[in-house]
Structure formats: structure tokens, C-alpha cells
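Breakdown of the fold
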Amino acid sequence: MRTGRLWRRAHLGSEADRAAFRALHQASLAAPALREGLTASSAERAIRHLRNLLGTPALALTDGESVLAWDGAGSHHAEQAVAHGLAAIRRGSTRTVDRAQLPCAATGCPVRTGVVSPLVVEDRVLGTVQAFSPSPTAGLVRATEEVAQWVSGQLELAELDAHRNRMIEAEVRALRAQISPHFVYNSLNAIASFVRTDPDRARELLLEFADFTRYSFRRHGEFTTLAEELRSIERYLLLEQARFGDRLQVSLSIAPEVLPVVVPFLCIQPLVENAVRHGLEGAEQTGLLRIQALDRGHEAVIEVEDNGVGEDPDKVRRALAGDASLDSVGLGNVDARLRATFGDDYGLVVETAPGAGTKVVVRVPKFAPGVSV
């Protein structure tokens, strides 16, 4: 019995271990809100956890104009907190506030002294963390500075996330611009060729063209389902088969289980267009294009393979590295967006050689945090 008690004490760790665990837990609770940036909404959701982290009677988060959130006693000091925050922002360093600077007539109010520490992101002071207590201590000054540095780090990550999202949006816009000139000209020529000889088919192709362009140039959503992406690819291939005739043979094999999987918008379609433009247009024999979507447990695997002219592997490596001088529709763009969305393990795999055709493999997890339509 005595041995069991000793084991439980060792298992729980020392008081210092438990304190460290509590601090890490509070930090992890505050982090998701702060990763959205410094706003009134994110501050309200994070501030209680930050006050628990510091263990002070009151805590405030401010920007350059107002108190974004206050937690604990003494909220009637909010106007004073704005002024002290502005002073700390101007100085760009931590400052302490004494009783004379926090006049208060409220009996029993614990807000008598404070520590005001700036939140700095890339040399810009965005706001402050303000910890209030009945009496000043050197420990509170140091702790507030540490918390302010940690919050600043989360806000910097938020800005990086926002920058990444802006880059992704710009990349998708650039991808649309790359696709449209090649495809629109060829499609309209193909449709025009049927206007007199087969008006019904011309009308059908025109409707497919309208649906395809509507999908490709839509302005909402970073993600789509694999089903929607494949539906757009089918329209694209119908238009290309109208142009190539029997010289383009297409085989599709799609596992129903992967149709709801969420993927980055326009991540498969450019690979199919590359296969047609670069793999099959210059080939003398009948072009064979095979598209497979396979269920592989927790992942979906999409393969785009052609029997075309193939490519120099070094040129493919340059395209994946983002070499803008290469005429490769979106290969580097798609690879970069897959990695940014799912991690470096999910980049494109390209198998090719001159005269040997090309096979591009895309792996995506069926479920990924933060990825939804």
C-alpha cells in the first residue's frame, strides 16, 4: 500500500511540474484565438486564459485606440488603461504604473498597480498586455513581459497565416489567368466548327464551356470537393475531345468513397490540362489519358497519366520549384498549395522521361484540420 502511494506521488510529479503543466495548458487554450490576430473578438476569447496564466486580479488587452478586452475586477479603470497603453506603445518597452497613476475611489478594488508590456510584431507595436495587482512585484513585471512576448509570437504567426492566404489567393488568380488564354481560344474554335454541321452538338458544347468557365473563375472558396473538381475536368475533356476527335482517348476510374474529399480549388484540373497540352498535343499516336481517384484508407490518391511525349525530369524539378520561365500550367503552383495546405508530405510526385509519357500522383488526407468547403 505504501509503495502505491509513493508511485502516485512520483507519477503526478512535483509542484513545479504541475505548475508548468497548468501554464502550458492555459497557453494552449489562448493560442487559437490569438492566431486570428489582435481583434476585440480574439482578445475576448483569449484574455481569461492569459489572466489565469499570470494569476493576477485583473488583466487588459489594448490596441492603439481602446481596451479590446478586460478580465477580472476593476473594469472601471479601462479609460486609464488606454492612456497607459498609448504611453507604452510610444516607448516601445514595458512600464510600471503606480497607485498615483491609477486613482480609484472604489473600496476593495485590487487594481492599485500595473505592468504594461507592448505587443510587438516585426518591429511594429500593435497593442499591450496590462496586468494589475494590489502591489508591485519584480516577478509580475518579468512574467508580464514573458507573456507579452509569447502573445506577440502568436500574433506574428497570425500575420504569417494571413500572408500565406493572400499568396494562395494570388496564386489561384494567376492560375486562372494561365489557363484561360489557351483553353478559351481552342474551345471556341472547336464549338465554331460544329455550328453549321451539328448545331445540337455546338449548343451542348457551348453549355459545357459556360459551366466550365463558371467553375474556373468563381470567386468564393479556397477549397472544393474532389467531386466538383472532377466534374469540371469532365467538361474540360469533352471540349478537348471535340477538338481532337478520336486522337484523344480518356479513361476515368473514380472510387465513390473519395468524391466528398476536400481539396484545394483547381488542384487537379491544371494537371489534366498539362497532360493534354504538353503530353498529347505533340504526339503522333492516339493520345491516352487515364485519371484515377483511389481510396487508400485515410488518404485519397489521384493519378493523372498520359502516353505522350514525356518530359525532361530536370525541367519538371524546375517547374515544381516555381520557375516562371517554363510553360507549365500550374505545376509548381499546385505543388506549393498542396504543401501549404496539408504539409510537405503531400507534394506532387511526377514520373516522366522523354518519350515515356508522364504520370502525376496527388495524395491528400481525407480529413485535415481547418480544411473545409
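Refer to the structure above for everything that follows.
Now for a look at the structure at hand. (Residues numbered from 1 in each chain as written. Predicted model: local features only at pLDDT ≥ 70, side-chain atom pairs only at ≥ 80, totals over all residues. Heavy atoms only, no water.)

Considerations on the sheet that holds strand β2 (residues 67-72)
The five strands are arranged β2-β1-β5-β4-β3 in an open sheet whose pairing can be described as antiparallel. The outermost strands of the open sheet, each flanked by one partner alone, are β2 and β3 (95-97). Between one strand axis and the next, the sheet turns by 20 degrees as a mean value, whatever way the strands run. Two elements, strand β1 (residues 58-62) and β2, share five bridges in a ladder whose sense is antiparallel. Counted as the bridge partner of alanine 60 is tryptophan 70 from β2. (Pairing = 2+ DSSP bridges. Helix = DSSP H or I, 4+ residues; strand = E, 2+ residues; numbered from the N terminus. Axes fitted to C-alpha atoms, helices over the stretch in contact; angles between N-to-C directions.)

Thoughts on the environment of valine 125
As for its position among the elements, valine 125 is in strand β5 (residues 124-133). You can call valine 125 partly exposed: its relative accessible area is 26%. Spatially, the C-alpha atom of valine 125 lies 9.5 Å from that of serine 93, the residues being 32 residues apart in sequence. In contact with valine 125, other than residues within four places in its own chain, are Ile89, Gly92, Pro118, Leu119 and Val120. (Buried < 20%, exposed > 50% of the residue type's maximum accessible area, 1.4 Å probe, protein only. Contact = heavy atoms within 4.5 Å.)

Describing the environment of tyrosine 346
Within the secondary structure, tyrosine 346 is located in the loop between α10 (331-342) and β11 (349-352). Sequence separation of tyrosine 346 and valine 362 is 16 residues, and the distance between their C-alpha atoms is 7.3 Å. Excluding anything up to four places from it in sequence, tyrosine 346 contacts Glu299, Leu338, Arg363, Val364 and Pro365. Of note is the side chain of tyrosine 346, whose polar atom sits 2.9 Å from the side chain of glutamate 299. (Polar contact = N/O pair within 3.5 Å; in protein donor to acceptor, adjacent residues only side chain to side chain.)

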